Amino acid sequence: MSAPMPAGRALGAPLVAHDYEPTIFEFSSPGRRAAAFRTTDLPAWTAEELVPEAFRRTEPVALPEVSERDLVAHFTRLTHRQYSVDLGAYPLGSCTMKYNPKAADAGASLPGFTQVHPAAPASCSQGWLELLVELEESLCSITGMAAVTLQPAAGAAGELTGLLLMHAYHDARGQRRRRVIIPDSAHGTNPASVTLSGFEVTTVGTNERGGVDLDALRGLLDEDVAGIMLTNPSTLGLFEDDIVQIAEAVHEVGGLLYYDGANLNAILGIVRPGDMGFDIVHLNVHKTFATPHGGGGPGAGPVAVSAELAPFLPGPRPTRSGSGYSLTMPERSIGRVHSWHGNAVVLLRAWMYLRLNGGDGLKRVSEVAVLNANWLKERLRDTYDIPYERPVMHECVISAKSLHHETGLSALDVAKRLIELGFHPPTVYFPLIVEEALMIEPTETESPQTVAALADAFIQIAREARDAGNADDAKAAPRTTPVGRVDEARAARKLVVTFDQRDAE
Ligand SMILES: *Cc1c(COP(=O)(O)O)cnc(C)c1O
């Protein structure tokens, strides 16, 4: 039994909550095909000839049987239910959901790149190796570090790699250090990676300026400290101006400094983690350098290190040798952290992005990201609370604390109402140290008009509640989306990720 296709919606008509899109299985009709091959007189292998009996299916696999037309319509309708970076502003703080230039995608689709097997010998993949070496060199000059591994699959994988390098470094000195210090404003992946790598987390507090509490840090430092994980600017969007003193204090006890460089669009071409005293840096090229990401899509989290740590890097690494390129294993390598060369096509997009933004292009990227975030913060200052009174970098954290006390509207309500006004919501309730936090990252790809419209939407939501006494709209939002407000706790705890035809019958 196949479900009727949903009736067509007028072009441009908004999707409403009750538009039900069946699963592809519900369209299934026995014998229907999306593609059919012409029969030929050529002899064909049968399953009996190809697959030993023990491995053959006894029943046909339950796949949906649909026409190409219905298949394309189904998935196209699903894409129309989504919000994406290609549709509009996506100010999800810390995630850098910016528009990614299509030229990078076009380069990454060239058959000369995509049709090389990763196991091809170095002599047959010189172009690829050259590109990877050039990318490593660019990332070294951007971060101020000596060497890079391109293998880690994403930011969190880069963190784990960096922490394993920290282990290897101390091991080589015959030292067993147990603790890694992390500020209380840190991204959640930092403590998770520390624990996964076998270290213990020690938390350091934040001072009234939003930076690391230096006195508290000094009190925590001893020879059991393997290192500190920081991001600068912090997740509050603030530049850590005590960074030189922090680096000195940590190095003094023999610890290393790890830089969470997930959001490098704050500092490109302006300052470098290596110059601030960092020893290990991971970058999210999928946030900073042109790969659409989210929903678990592919990423890449290269890790850059100082010369002292280079011998421990994962390998084999692409290297210049004579006039060509080869793959070499660093002397004391921690081994592989990914098969082959890492997520090569994501790395290729990063290489393309760097070429597209030559000259002072990267610096301009950061200048615009920082300008947009500061402009937005200033526009919102009379409507929302500003927890730390300082210029911000690529993102700003504001608070709905007063709005909440006055009208009952929470940061969550503001975020949900924003969806109805045409924007993706910001990150909410993070960093944890800011009450009713709204973490907004307009990014460098949005025009002044878009950033102004975003600010207007934030202001409108607060005014509806304060001036018009209407908190109900925001509390009921979103009402214009295919799925309304969900019970967040239940949605996270009771995942239903499969479709069972028997339930539908
Ligand atoms: C996104 C992010 C990470 C994690 O990166 P993934 O690629 O999602 O694993 C780590 N730290 C910060 C500050 C981030 O914004």
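Only a predicted model underlies this, so the values are computations on that prediction, with no experimental measurement involved.

**Things to note about the packing of aromatic side chains**
So, step 1. What the rule picks out here adds up to five aromatic pairs.
So, step 2. Centre to centre, the rings of Phe-113 and Trp-128 are 5.4 Å apart; their planes meet at 70 degrees, and the pair counts as edge-to-face. In this pair, Phe-113 is assigned in helix 4 (residues 111-114) and Trp-128 in helix 5 (residues 126-143), connecting sequence segments 15 residues apart.
So, step 3. Centre to centre, the rings of Phe-289 and Tyr-353 are 5.9 Å apart; their planes meet at 45 degrees, and the pair counts as tilted. Pair noted here: Phe-289 is in the loop between helix 11 (285-288) and strand 7 (303-305) and Tyr-353 is in helix 12 (residues 344-356), with a separation of 64 residues, a long-range link.

**Some thoughts on helix 5**
So, step 1. Helix length check: helix 5, at 18 residues, gives a terminal C-alpha distance of 26 Å against a target of 26 Å (1.5 Å per residue), a fit within 8%.
So, step 2. Regarding helix 5, the residues found buried are Trp-128, Leu-129, Leu-131, Leu-132, Val-133, Leu-135, Glu-136, Ser-138, Leu-139, Cys-140, Ile-142 and Thr-143.
So, step 3. Residue Gly-144 follows helix 5 closely and has a positive phi angle near 75 degrees.

**With respect to the environment of Ser-29**
So, step 1. By the secondary structure assignment, Ser-29 is in the segment before helix 1 (47-50).
So, step 2. The exposure class assigned to Ser-29 is buried, which follows from its relative accessible area of 17%.
So, step 3. Remark: the alpha-carbon pair of Ser-29 and Met-97, spanning 68 residues in sequence, is separated by 39 Å.

**Quick notes on the sheet that holds strand 6 (residues 280-283)**
So, step 1. If you trace the seven strands from one edge of the open sheet to the other, you get 1-7-6-5-4-2-3, paired in mixed fashion. One side of each edge strand has no neighbouring strand; the edge strands of this open sheet are strand 1 (147-149) and strand 3 (200-204). Pairwise comparison of adjacent strand axes, ignoring direction, gives a mean angle of 25 degrees for this sheet.
So, step 2. Here strand 5 (residues 256-261) runs beside strand 6; their pairing, made up of four bridges, is parallel. Paired with Gly-261 across the bridge in strand 6 is Leu-283.
So, step 3. The strands touched by helix 6 (residues 155-172) are strand 1, strand 2 (179-183), strand 4 (225-230), strand 5, strand 6 and strand 7; relative to strand 5, the strand with the most contacts, the crossing angle is about 170 degrees.

**Focus: the pattern of salt bridges**
So, step 1. A complete count under the given rule lists 29 salt bridges for this structure.
So, step 2. Across the pair Asp-241 and Arg-209 runs a salt bridge whose closest N-O atoms are separated by 3.1 Å. Taken together, the residues span a long stretch of sequence, with Asp-241 in the loop between strand 4 and helix 9 (243-252) and Arg-209 in the loop between strand 3 and helix 8 (214-220) at a distance of 32 residues.
So, step 3. Classification of Arg-209 as partly exposed rests on a relative accessible area of 40%.
So, step 4. Between Glu-389 and Arg-381 there is a salt bridge, and its shortest N-O distance comes to 2.7 Å.

**Overview of the domain arrangement of the protein chain**
So, step 1. As far as domains go, the protein chain holds domain 1 (19-79) and domain 2 (125-356).
So, step 2. Taking only C-alpha atoms, the centre of domain 1 and the centre of domain 2 are 45 Å apart.

**Re the site of the ligand**
So, step 1. Inspection of the region around the ligand gives 13 residues, with Ser-94, Ala-156, Asp-260, His-286 and Lys-287 positioned closest.
So, step 2. The separation between an oxygen atom of the ligand and a polar main-chain atom of Ser-94 is 2.7 Å.
So, step 3. Within the side chain of Asn-284, an N or O atom sits 3.0 Å from an oxygen atom of the ligand.
So, step 4. Looking at the shell around the ligand, the elements that each hand over two or more residues are helix 6 and helix 11.
So, step 5. Residue composition of the shell around the ligand, by class: three nonpolar, seven polar and three charged.

**Observations concerning the pairing of strand 5**
So, step 1. Among the six residues that make up strand 5, six are buried, leaving the element largely enclosed by the rest of the structure.
So, step 2. Residues Leu-256, Tyr-258 and Asp-260 point to one face of strand 5 and Leu-257, Tyr-259 and Gly-261 to the other, with burial holding for every one of them.
So, step 3. As defined by bridge partners, strand 4 adjoins strand 5 across four bridges and the pair is classed as parallel. Residue pairing for strand 5: Gly-227 is matched across the bridge by Leu-256.
So, step 4. Between strand 4 and its parallel partner strand 5, the chain crosses via helix 9, and the hand of that crossover is right-handed.

**A few points about the packing of helix 5 against helix 12**
So, step 1. The N-to-C vectors of helix 5 and helix 12 enclose an angle of 60 degrees; their axes lie 10 Å apart at closest approach. Here helix 5 lies oblique to helix 12, going by the angle between them. For the pair helix 5 and helix 12, the sense of crossing is left-handed. Listed contacts from helix 12 to Trp-128, Leu-131, Leu-132, Glu-134, Leu-135, Ser-138, Leu-139 and Ile-142 of helix 5 are Ala-344, Val-345, Leu-347, Leu-348, Ala-350, Trp-351, Leu-354 and Arg-355.
So, step 2. Along the lines of polarity and charge, the residues of the contact of helix 5 with helix 12 split into 13 nonpolar, one polar and two charged.

Rules behind the numbers
Residues numbered from 1 in each chain as written. Predicted model: local features only at pLDDT ≥ 70, side-chain atom pairs only at ≥ 80, totals over all residues. Heavy atoms only, no water. Phe/Tyr/Trp six-rings, centres within 6.5 Å; stacked < 30°, edge-to-face > 60°. Helix = DSSP H or I, 4+ residues; strand = E, 2+ residues; numbered from the N terminus. Expected span 1.5 Å × (residues − 1). Buried < 20%, exposed > 50% of the residue type's maximum accessible area, 1.4 Å probe, protein only. Pairing = 2+ DSSP bridges. Axes fitted to C-alpha atoms, helices over the stretch in contact; angles between N-to-C directions. Contact = heavy atoms within 4.5 Å. Salt bridge = Lys/Arg side-chain N within 4 Å of Asp/Glu carboxyl O. Domains from an automatic or database assignment. Near = heavy atom within 4 Å. Polar contact = N/O pair within 3.5 Å; in protein donor to acceptor, adjacent residues only side chain to side chain. Nonpolar A, V, L, I, M, F, W, Y, C, P; charged D, E, K, R; others polar. Right-handed = clockwise from strand over helix to strand, strands pointing away. Parallel < 35°, antiparallel > 145°, perpendicular 65-115°, else oblique. Left-handed = near helix turned anticlockwise from the far one by under 90°.

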